[in-house]
Amino acid sequence: MPNTVSRTTGGPPRVLVVDDEHDVADTQALKLGERYETTVAYSGQAALDAAGPEFDAVLLDRRMPDVHGDDVLSRLRERGYDGIIIMLTAVDADLNILEMPFDDYLQKPVDQSTLLSTLDQHLDRSDEDDRLDEYFRISSKLSVLEREKSASQLESSAEYTKLKERARELEWVLKAENDDFEELKQTYQSISRS
């Protein structure tokens, strides 16, 4: 178990769980409760009202009736929220996720082990190289899309091609500068995102 602490309180990391389905939100919070301090928001607006720098991470559903998760994500980033945002959703990924500023993308249902591993990995790296975080953000998007879309759909996307090239550049640099890069990459890839 990682020794991750909140960047604001020094205690357990604080996670905001956002889902309009009360049972789903409560279950996710329960899954995290052994390691994280959780708060639940049952709508997009409630998430916007609650989210702030005191939260180390946000688990964010995409499809919510009042304020869509994509809009919540955009507004949080526009407001300067720089914590981890993980999309936790049943919505099939489309090419529009390439431009979305999330840190990871998990498709429901998500088991406790996957949820904890994903959060641990992101929160445990908070003081590391920003390029490593960028590499894993891009890798999350690419891996989700490569499972959901055909090769021809991906090849026709200039944004996908651009991100794929950026991932290659980052991987080359990170391998040269970090002796443990391959181990970090394997740990990241071991998490099931579908």
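Above this note sits the structure.
Here the structure is a predicted model, which means the values were calculated and not measured.

### Examining the packing of aromatic side chains
Right, on to step 1. For the structure shown, the criterion picks out 3 aromatic pairs.
Right, on to step 2. Where Phe 102 meets Tyr 105, the ring centres are 5.4 Å apart and the plane angle is 50 degrees; that geometry is what we call tilted.
Right, on to step 3. When the ring of Tyr 135 is compared with that of Phe 181, the centres are 5.3 Å apart and the planes differ by 65 degrees; the resulting orientation is edge-to-face. You can see Tyr 135 sitting in helix α5 (residues 130–148) and its partner Phe 181 sitting in helix α8 (residues 181–189), a full 46 residues away along the chain.
Right, on to step 4. You can call Phe 181 buried: its relative accessible area is 1%.
Right, on to step 5. Through a chain of ring-to-ring contacts, three or more aromatic side chains come together here, namely Tyr 135, Phe 136 and Phe 181.

### Brief notes about the pairing of strand β4 (residues 84–89)
Right, on to step 1. Within β4, 6 of the 6 residues are buried, which leaves it mostly tucked inside the rest of the structure.
Right, on to step 2. Of the two faces of β4, the one lined by Ile 84, Ile 86 and Leu 88 and the one lined by Ile 85, Met 87 and Thr 89 are each fully buried.
Right, on to step 3. Handedness of the strand β3 (residues 57–60)-helix α3 (residues 69–78)-β4 crossover: right-handed.
Right, on to step 4. Bridging between β4 and strand β5 (residues 104–107) involves 4 bridges; their strand directions are parallel. Bridge pairing in β5 places Thr 89 opposite Gln 107.

### Some remarks on the packing of helix α7 (residues 158–177) against α8
Right, on to step 1. Between α7 and α8, the shortest axis-to-axis distance is 8 Å and the interhelical angle comes to 130 degrees. One element, α7, and the other, α8, form an angle in the oblique class. For the pair α7 and α8, the contacting residues are Glu 171, Leu 174 and Lys 175 in the first and Phe 181, Glu 182 and Lys 185 in the second.
Right, on to step 2. Partitioning the contact of α7 with α8 into residue classes produces 2 nonpolar, no polar and 4 charged.

So, how was this worked out
Residues numbered from 1 in each chain as written. Predicted model: local features only at pLDDT ≥ 70, side-chain atom pairs only at ≥ 80, totals over all residues. Heavy atoms only, no water. Phe/Tyr/Trp six-rings, centres within 6.5 Å; stacked < 30°, edge-to-face > 60°. Helix = DSSP H or I, 4+ residues; strand = E, 2+ residues; numbered from the N terminus. Buried < 20%, exposed > 50% of the residue type's maximum accessible area, 1.4 Å probe, protein only. Right-handed = clockwise from strand over helix to strand, strands pointing away. Pairing = 2+ DSSP bridges. Axes fitted to C-alpha atoms, helices over the stretch in contact; angles between N-to-C directions. Parallel < 35°, antiparallel > 145°, perpendicular 65-115°, else oblique. Contact = heavy atoms within 4.5 Å. Nonpolar A, V, L, I, M, F, W, Y, C, P; charged D, E, K, R; others polar.

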